[in-house]
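A structural walkthrough
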Amino acid sequence: MSAEVEEMLKRFQNVKNIIGIVVADYDGIPIKTTLENVQSVHLACHMHLLTEKARQVILDLDATNEFVSMRMRTSYFEIILMPSDNYFIVVLQNPSD
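Going by the annotation in an unreviewed UniProt entry, the name recorded for the chain is Dynein light chain roadblock, with Drosophila arizonae given as the source organism. What UniProt states about the chain under its Function (unreviewed entry) heading is, verbatim, "Acts as one of several non-catalytic accessory components of the cytoplasmic dynein 1 complex that are thought to be involved in linking dynein to cargos and to adapter proteins that regulate dynein function. Cytoplasmic dynein 1 acts as a motor for the intracellular retrograde motility of vesicles and organelles along microtubules." UniProt, in its Sequence similarities (unreviewed entry) section for the chain, records the words "Belongs to the GAMAD family."

**A few points about the overall build of the chain**
A tally of helices and strands in the chain yields two helices and five strands. Secondary structure elements in the chain, listed N-terminal to C-terminal, are α-β-β-α-β-β-β. Overall, the C-alpha framework of the chain stretches about 35 × 35 × 25 Å when taken along its three principal axes. For the chain, contacts bridging at least 24 residues in sequence account for 40% of all contacts bridging at least 6. Summed over all atoms, the accessible surface of the chain reaches about 6,500 Å², with 52% contributed by carbon and sulfur.

**Brief notes about the packing of aromatic side chains**
To describe a pair of aromatic rings, you give the distance between the ring centres and the angle between the ring planes. A complete count under the given rule lists one aromatic pair for this structure. With a centroid separation of 5.6 Å and an interplanar angle of 50 degrees, the aromatic rings of tyrosine 26 and phenylalanine 88 are classed as tilted. Of this pair, tyrosine 26 sits in the loop between β1 (18-25) and β2 (30-33) while phenylalanine 88 sits in strand β5 (residues 87-93); the two residues are 62 residues apart in sequence, bridging distant segments of the chain. This pair shows no difference in class: tyrosine 26 is buried, exactly as phenylalanine 88 is.

**Some points on the UniProt feature "domain: Roadblock/LAMTOR2" (unreviewed entry) in the chain**
With numbering matched to this structure, UniProt assigns "domain: Roadblock/LAMTOR2" (unreviewed entry) to residues 5-93. Helix makes up 38% of residues 5-93 and strand 33%, with an end-to-end C-alpha separation of 18 Å.

**Some remarks on the pattern of salt bridges**
This structure, assessed with the given rule, holds one salt bridge. Its salt-bridge partner being glutamate 78, residue arginine 71 comes within 3.2 Å of it at the nearest N-O pair. Take arginine 71: its relative accessible area is 56%, and that puts it in the exposed class.

**A short note on the environment of arginine 55**
Within the element layout of this structure, arginine 55 appears in helix α2 (residues 37-61). Judged by its relative accessible area of 29%, arginine 55 falls in the partly exposed class. Taking C-alpha positions, arginine 55 is 24 Å from phenylalanine 12, a pair spaced 43 residues apart along the chain. In contact with arginine 55, not counting residues within four places along its chain, are Tyr26, Phe67, Pro83 and Ser84.

What counts as what
- Residues numbered from 1 in each chain as written.
- Predicted model: local features only at pLDDT ≥ 70, side-chain atom pairs only at ≥ 80, totals over all residues.
- Heavy atoms only, no water.
- UniProt positions renumbered as here; feature names shortened; annotations may be inferred.
- Helix = DSSP H or I, 4+ residues; strand = E, 2+ residues; numbered from the N terminus.
- Contact = heavy atoms within 4.5 Å.
- Areas by Shrake-Rupley, 256 points an atom, 1.4 Å probe, with all protein chains shown as cover.
- Phe/Tyr/Trp six-rings, centres within 6.5 Å; stacked < 30°, edge-to-face > 60°.
- Buried < 20%, exposed > 50% of the residue type's maximum accessible area, 1.4 Å probe, protein only.
- Salt bridge = Lys/Arg side-chain N within 4 Å of Asp/Glu carboxyl O.

Structure (structure tokens):
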């Protein structure tokens, strides 16, 4: 894993509302995580599918555009999804009002 990812993980861990971070490969397998293993695998699997769908939708809408990030808010969490070339990062945090 690159030093860039390690630095990003350190930076995110210092934010007070962050619950956990998962770095996963494009097979949906967690590479590095701050969450429990079962939760990491579950989150990585679903975010992998969402990443693929989001990329396809964006390409269908505009072939010159690319998927850079996505932020979703639920009743319990805020999920930030950031794809890269070889992996994607999922940040799970408490929504701040």
